[in-house]
Amino acid sequence: MSLHDLEKTFQDKIDKEIKIEPKDWMPEAYRKTNLRQISQHAHSEIVGMLPEGNWITRAPTLKRKAILIAKVQDEAGHGLYLYSAAETLGTSREQMVEDLNSGKAKYSSIFNYPTLTWADMGAVGWLVDGAAILNQVMLCRTSYGPYARAMVRICKEESFHQRQGFETLLVLSKGTKEQKAMCQDAINRWWWPSLMMFGPKDSESTNSDQSIKWKIKRKTNDELRQQFVDMITEQIKLLGMTLPDENIRWNKERNHYDFGEINWDEFWNVVKGNGPCNKQRLEVKNKDHQEGLWVREAALAYAEKKRLRVTAKVA
Ligand code: FAQ
């Protein structure tokens, strides 16, 4: 088959909603775009464990501690499904981890902000997982089979994460004057960075057009961001708190909430490695990787011992 015919068969499959599988022919750029996005997504889940992991020892009750441990463990699991999905595109997990640790690979801007108080655990769950889930529900229908299937499982866990975050804030919002203030302060600090999670505005998004044609993305960055603003602006009423944006108001012509301008300089600065916690996150990742070497070596040695035992039995 000529390249032209292969490309046509590939696009026909996408148009008919048939998933692309690892052994199918695919354009090199499709492979690369998926690899980039899935590995960045995996890195985000793994680095995303740090801001919350930071609060496990300081959770206010045993119940909250158990919930937080379970959530952070879920994020590790999400990272592993995603690394596995990315590996089907021809790059090893070791290589991807090396790219993360060296600072070559990107991960979500949001995880470069600090978690300063317990209320941040609520705000991260409600806003960060809330933003992540809107994006990920769309990705359950992405065209690359292994990515779509990983997303279905991840979304089930993510919706629990969002609800536990909202409930944490709900308790604080009904508490003492100090607890209410802590709740509002966390919302104020996490609101704008959460909006940035959806990526640059559509006019600046270099990958969106092609990714939409290939159905890797089903909605644009701005469409998802708007959906998030509409959802959160309603939900916050139940908390009796406010969003730190005086331009939020209902627009009946558009049937959506209008909102203020994002600070795009801040966004690009964080993406380029200069956010409040970028350096700290990479330092911790590298230290953990180094300190975990003996665990990886022990696991490999054990697997090898088991393999030899099975081979000996067969012989
Ligand atoms: N941060 O052309 P676009 C989570 C980069 S998971 C850093 O619009 P695209 C769970 C982008 O890579 C959160 N970089 O890009 C959790 C590209 O650079 P490149 C992660 C960003 O890919 C919760 C350039 O800008 N979710 O939170 C960001 O079409 C709580 C141009 O942008 C995913 O990864 C950003 N925010 O659209 C865990 C979902 N935005 O590589 C723990 C999958 C953009 O060309 C605790 N990813 N860039 O040099 C996606 O859906 C897409 O990749 C977008 C960006 C929508 C993020």
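Refer to the structure printed above.
Residues numbered from 1 in each chain as written. Predicted model: local features only at pLDDT ≥ 70, side-chain atom pairs only at ≥ 80, totals over all residues. Heavy atoms only, no water.

A. Molecular detail of the overall build of the chain. Broken down by element type, the chain carries 13 helices and 2 strands. Relative to its length of 315 residues, the chain is compact, with a C-alpha radius of gyration of 21 Å against a globular reference of 20 Å. Across its three principal directions, the C-alpha atoms of the chain cover 70 × 50 × 35 Å. A separation of at least 24 residues holds for 76% of the contacts in the chain among residues at least 6 apart in sequence. Entry remark: accessible area of the chain is about 16,700 Å², with carbon and sulfur atoms responsible for 57%. Here the chain contributes 47 positively and 42 negatively charged side chains, and the mean placements of these two sets differ by 5 Å. (Helix = DSSP H or I, 4+ residues; strand = E, 2+ residues; numbered from the N terminus. Rg over C-alpha atoms; globule rule 2.2 N^0.38 Å. Contact = heavy atoms within 4.5 Å. Areas by Shrake-Rupley, 256 points an atom, 1.4 Å probe, with all protein chains shown as cover. Lys, Arg positive; Asp, Glu negative; His and termini not counted. Charge placed at Lys NZ, Arg CZ, Asp CG, Glu CD.)

B. Region of interest: the packing of helix H6 (residues 119-139) against helix H10 (residues 221-239). Contact geometry of H6 with H10 gives a least axis separation of 10 Å together with a crossing angle of 140°. As far as their axial angle goes, H10 and H6 are oblique. Considering how the two elements wind past one another, H6 and H10 form a crossing that is right-handed. Together, Trp126, Leu127, Gly130, Ala131, Leu134, Asn135 and Met138 of H6 and Leu224, Gln227, Phe228, Met231, Ile232, Gln235, Ile236 and Leu239 of H10 make up the contact between the two elements. (Axes fitted to C-alpha atoms, helices over the stretch in contact; angles between N-to-C directions. Parallel < 35°, antiparallel > 145°, perpendicular 65-115°, else oblique. Left-handed = near helix turned anticlockwise from the far one by under 90°.)

C. View of unusual backbone geometry. Here Glu17, not a glycine, exhibits a phi torsion of approximately 65°, which is positive. With relative accessibility at 44%, the residue Glu17 sits in the partly exposed group. For Asn255, which is not glycine, the phi torsion reads 60° and is therefore positive. Inspection of the secondary structure assignment puts Asn255 in the loop between strand E1 (249-251) and strand E2 (256-258). (Buried < 20%, exposed > 50% of the residue type's maximum accessible area, 1.4 Å probe, protein only.)

D. Structural view of the site of the ligand. Neighbouring the ligand are 36 residues; Lys106, Ser109, Ser205, Lys217 and Asn221 lie closest to it. A distance of 3.1 Å is found between an oxygen atom of the ligand and a side-chain nitrogen or oxygen belonging to Asn135. Between the ligand and Met196, the relevant distance is 3.4 Å, taken from a nitrogen atom to a main-chain nitrogen or oxygen of the residue. Within the complex, the protein chains bury 91% of what would otherwise be the 1,100 Å² of accessible surface of the ligand. Of all elements in the fold, only helix H2 (28-47), helix H4 (62-87), H6, helix H7 (145-173) and helix H11 (264-274) reach the threshold of two or more residues within the shell around the ligand. (Near = heavy atom within 4 Å. Polar contact = N/O pair within 3.5 Å; in protein donor to acceptor, adjacent residues only side chain to side chain.)

E. Representation of helix H12 (residues 278-291). A rise of 1.5 Å per residue sets the reference length of H12, with its 14 residues, at 20 Å; its end C-alpha atoms lie 20 Å apart and thus fit the reference within 8%. Looking only at H12, the buried set comprises Asn278, Arg281 and Lys285. Viewed along the axis of H12, the buried residues span an arc of 70°, placing them on a single side of the element. Exposed residues lying more than 90 degrees from the buried face of H12 are Lys279, Glu283, Lys287 and Gln290. Buried residues along H12 sit against H2, helix H3 (49-53), helix H5 (93-101) and H11. (Expected span 1.5 Å × (residues − 1). Arc of directions from axis to C-beta.)

F. Expanded view of the packing of aromatic side chains. For the structure shown, the criterion picks out 12 aromatic pairs. Their ring planes at 75° and their centres at 6.5 Å tell us that Tyr30 and Tyr144 sit as a pair that is edge-to-face. Of this pair, Tyr30 sits in helix H2 while Tyr144 sits in the loop between H6 and H7; the two residues are 114 residues apart in sequence, bridging distant segments of the chain. Tyr144 shares its class with Tyr30; the two are buried. (Phe/Tyr/Trp six-rings, centres within 6.5 Å; stacked < 30°, edge-to-face > 60°.)

None of this, on its own, says anything about what the molecule does.
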